[in-house]
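Residue-level structural notes
Listed below, chain by chain, are the residues.
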Amino acid sequence: MFELESFSASIGTAAALRDVTLTIREGDRLGIVGESGSGKTMLALSLMGMLPEAVQSSGTLRIDGHDMTHAIEQTWQVLRARRVAMIFQEPMSALNPLRRVGNTVMEPIMVHEKLNRDAAQRRALALFDEVGIPDPAARMRQFPHELSGGLRQRVLIALALACNPSLLIADEPTTALDANVALRITNLLVQLAQARGMALVFISHDLGAVARATREIIVMYGGDMVERGPTAKVLANPAHPYTKGLLDARPDHTRETRDCTGKRRRLPTIPGTVPQLLDMPGGCRFSGRCPVEMPHCTTTRPAMETNRPDRGAACHLCAGEVS
Ligand code: SF4
């Protein structure tokens, strides 16, 4: 079980994550959404013990009840791969272009599981087969540039699964893939998580993929958790103005494309961009972009409001109304 309690991470005076509290249990499938700069990847790196050296953290991070907040790198090295593994963005840059992909997948098996080369090769072959790579023996001998984007992503998934982690973090796993391949990769991750009883953290801009892949969702903005709850409920009935803005900004083929005068409707957007960390507004960090902002939003930080244990939203307008 992975637990974060009031976990914060800052670079100097700039808070990149503020008071994140969450629990990930075996078999959970958690989506994390938000624009670039909202803290999604920082949160994932915290769970991997891979925060950059310049980042100071506070609060508590526990794995299976053990406090890992100030664990040293050697402790994390043992846990990485075996307990938690990550699929990084951009499969082309995540794989070594000079190594055959089979060797890349065999390496952590030999290092962490202490298997000899033959046994590691058999394990890697089985993994290639499990993630749906056709003709795995031939593919093992290829270099990353010889594979399609979808196959490279499958190799990265095989690499992440090499030591049977209990938590797999997929950071934008479908970026740069076409829609069909993205759908197949999303479905594969769900199947693998279900078959292995593994927890999955699925980070994405693609709300449709998150809806398919996860049962719980966290919406991040400016390093804050602004909404959380069951994925289906949050996406069907968002409470936070930022979540509503993200959903409205999705292309939707069922929406009227023309107004009553026959003019083409523009896709709604959230005005502006996520501010730089050193330039965050006071109070609610979404103030300045929020369409329903109130005077005290810039001075008072909203608490995570909830009237149910499994749902919440951090907005002054949501007091007692999140259901
Ligand atoms: Fe908007 Fe205020 Fe709610 Fe923030 S607290 S989301 S600014 S209404």
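In case you missed it, the structure is sitting above this.
**Here we look at unusual backbone geometry**
Positive phi, normally seen in glycine, also occurs at Asp 19, with a value near 50°. Following the sequence through the fold, Asp 19 ends up in strand S2 (residues 14-24). A positive phi angle is found at Asn 164, which is not glycine, with a value near 55°. Along the chain, the position of Asn 164 falls in the loop between helix H7 (149-161) and strand S7 (167-171).

**Things to note about the layout of surface pockets**
Reported here for the largest pocket is a volume of approximately 610 Å³. When residues of the lining of the largest pocket are assigned to their parent elements, the largest contribution, five residues, is made by helix H4 (residues 101-113). Tallied by class, residues from the lining of the largest pocket come to 17 nonpolar, four polar and three charged.

**Points about the site of the ligand**
Around the ligand sit His 240, Pro 241, Cys 284, Phe 286, Ser 287, Cys 290, Val 292, Cys 297, Pro 302, Cys 315, His 316 and Leu 317, and those are all the residues in its vicinity. In this structure, the ligand is accommodated by the largest cavity. Among the residues making up the shell around the ligand, the classes are represented as nine nonpolar, three polar and no charged.

**Quick notes on the nonpolar core**
Counting 59 residues, the largest nonpolar core has Ile 157, Leu 168 and Leu 189 as the members making the most contacts within it. Among the elements that take part in this core, helix H8 (residues 179-196) stands out by supplying eight residues, more than any other. In terms of nonpolar packing, the next biggest core, distinct from the first, is built from 33 residues, Phe 2, Ile 32, Leu 45 and Val 201 among them.

**As for the environment of Ile 218**
For Ile 218, the position within the fold is in strand S9 (residues 216-221). Residue class for Ile 218 comes out buried when judged on its relative accessible area of 3%. A sequence separation of 78 residues divides Ile 218 from His 296, and the C-alpha atoms of the two residues are 25 Å apart. If we skip the residues at most four places from it in the chain, Ile 218 touches Leu 22, Leu 30, Gly 31, Ile 32, Val 33, Met 225, Glu 227 and Arg 228.

**Here's the deal with the packing of aromatic side chains**
For the structure shown, the criterion picks out three aromatic pairs. Ring geometry for Tyr 242 versus Phe 286: centroids 5.1 Å apart, planes at 65°, classification edge-to-face. Of the two residues, Tyr 242 sits in helix H11 (residues 241-248) while Phe 286 sits in the loop between H11 and strand S11 (304-308), which places them 44 residues apart along the sequence. Since its relative accessible area comes to 0%, Tyr 242 is described here as buried. In textbook terms, an aromatic cluster arises when at least three aromatic residues are bridged by ring pairs, as seen for Tyr 221, Tyr 242 and Phe 286.

**Quick word on the packing of H4 against helix H5 (residues 117-130)**
For the pair H4 and H5, interaxial distance at closest approach is 9 Å and the crossing angle is 120°. As judged from the angle between their axes, H4 and H5 are oblique. As for how H4 packs across H5, the hand of that crossing is right-handed. Residues Val 101, Gly 102, Asn 103, Val 105, Met 106, Ile 109, Met 110 and Glu 113 of H4 form the contact with H5, whose own contacting residues are Arg 117, Ala 120, Gln 121, Arg 123, Ala 124, Leu 127 and Phe 128. Counted by class, the contact of H4 with H5 contains nine nonpolar, three polar and three charged residues.

**A few points about the environment of Leu 235**
When you line up the elements, Leu 235 lands in helix H10 (residues 231-236). Note on Leu 235: relative accessible area 18%, which makes it buried. Taking the C-alpha atoms as reference points, Leu 235 and Ser 93, separated by 142 residues in sequence, lie 32 Å from one another. Residue contacts for Leu 235: discarding those within four places in its chain leaves Leu 207, Ala 211, Ile 217 and Leu 247.

**Some words on H7**
The terminal C-alpha atoms of H7 lie 19 Å apart, and with 13 residues this matches the ideal 18 Å at 1.5 Å per residue to within 8%. Here H7 lies mainly inside the structure; eleven of its 13 residues are buried. Where H7 is concerned, the buried positions are Gly 150, Leu 151, Arg 152, Gln 153, Arg 154, Val 155, Leu 156, Ile 157, Ala 158, Ala 160 and Leu 161.

**Topic: the pattern of salt bridges**
Within the structure shown, the criterion is met by 13 salt bridges. Between Glu 107 and Arg 99 there is a salt bridge, with the nearest N and O atoms lying 2.4 Å from each other. Taking the shortest distance from any N to any O, the salt bridge between Arg 301 and Asp 224 comes out at 3.7 Å. Linking Arg 301 in the loop between H11 and S11 with Asp 224 in strand S10 (residues 224-230), this pair joins segments that are 77 residues apart in sequence. Owing to a relative accessible area of 8%, Asp 224 belongs among the buried residues under this scheme.

Rules of the game
Each chain carries its own residue numbering, running from 1 in the direction its sequence is written. Side-chain atom pairs in this predicted model are given and counted only at pLDDT of 80 or more, local residue features only at pLDDT of at least 70, and totals for whole chains, interfaces and linings cover all residues. Side-chain metrics in this entry use all non-hydrogen atoms of the structure; hydrogen atoms and water are not considered. Secondary structure elements are taken from DSSP: a helix is a run of H or I of four residues or more, a strand is a run of E of two residues or more, and numbering for both begins at the N terminus. Method remark: on a 1 Å grid restricted to protein atoms, a set of points is classed as a cavity if a 1.4 Å probe fits but cannot get out and as a pocket if it is open with protein on both sides within 12 Å along at least five of seven lines; lining residues have an atom within 4 Å of a point. Grid points are joined across faces, edges and corners, and a volume is the space filled by probe spheres set on the points. Nonpolar residues are Ala, Val, Leu, Ile, Met, Phe, Trp, Tyr, Cys and Pro. Charged residues are Asp, Glu, Lys and Arg, and all others, Gly as well, are polar. The cutoff for a nearby residue is simple: one of its non-hydrogen atoms must lie within 4 Å of the molecule or strand. A molecule is said to be in a cavity or pocket once over half of its atoms fall within 2 Å of that pocket's grid points. The criterion is simple. A nonpolar core is a set of buried Ala, Val, Leu, Ile, Met, Phe, Trp, Tyr and Cys residues joined through side-chain atoms within 4.5 Å. Only protein chains enter the accessibility calculation, which uses a 1.4 Å probe; a residue whose area is less than 20% of its type maximum is buried, one above 50% is exposed, and one in between is partly exposed. Contacts are assigned to residue pairs with any non-hydrogen atoms lying within 4.5 Å of each other. Pairing of aromatic rings covers Phe, Tyr and the six-membered ring of Trp, with a centre-to-centre limit of 6.5 Å; geometry is then stacked below 30 degrees between planes, edge-to-face above 60, and tilted otherwise. Convention adopted: a line fitted to C-alpha atoms gives each axis, helices being fitted over their contacting stretch, and angles between N-to-C directions are expressed from 0 to 180 degrees. Roughly parallel means an angle under 35 degrees; roughly antiparallel means over 145; roughly perpendicular covers 65 to 115; every other angle is labelled oblique. Less than a right angle of anticlockwise turn of the near helix away from the far helix marks a crossing as left-handed, whereas a clockwise turn marks it as right-handed. To estimate the expected span of a helix, count its residues, drop one, and scale the result by 1.5 Å. A carboxyl oxygen of Asp or Glu within 4 Å of a side-chain nitrogen of Lys or Arg is what we treat as a salt bridge.

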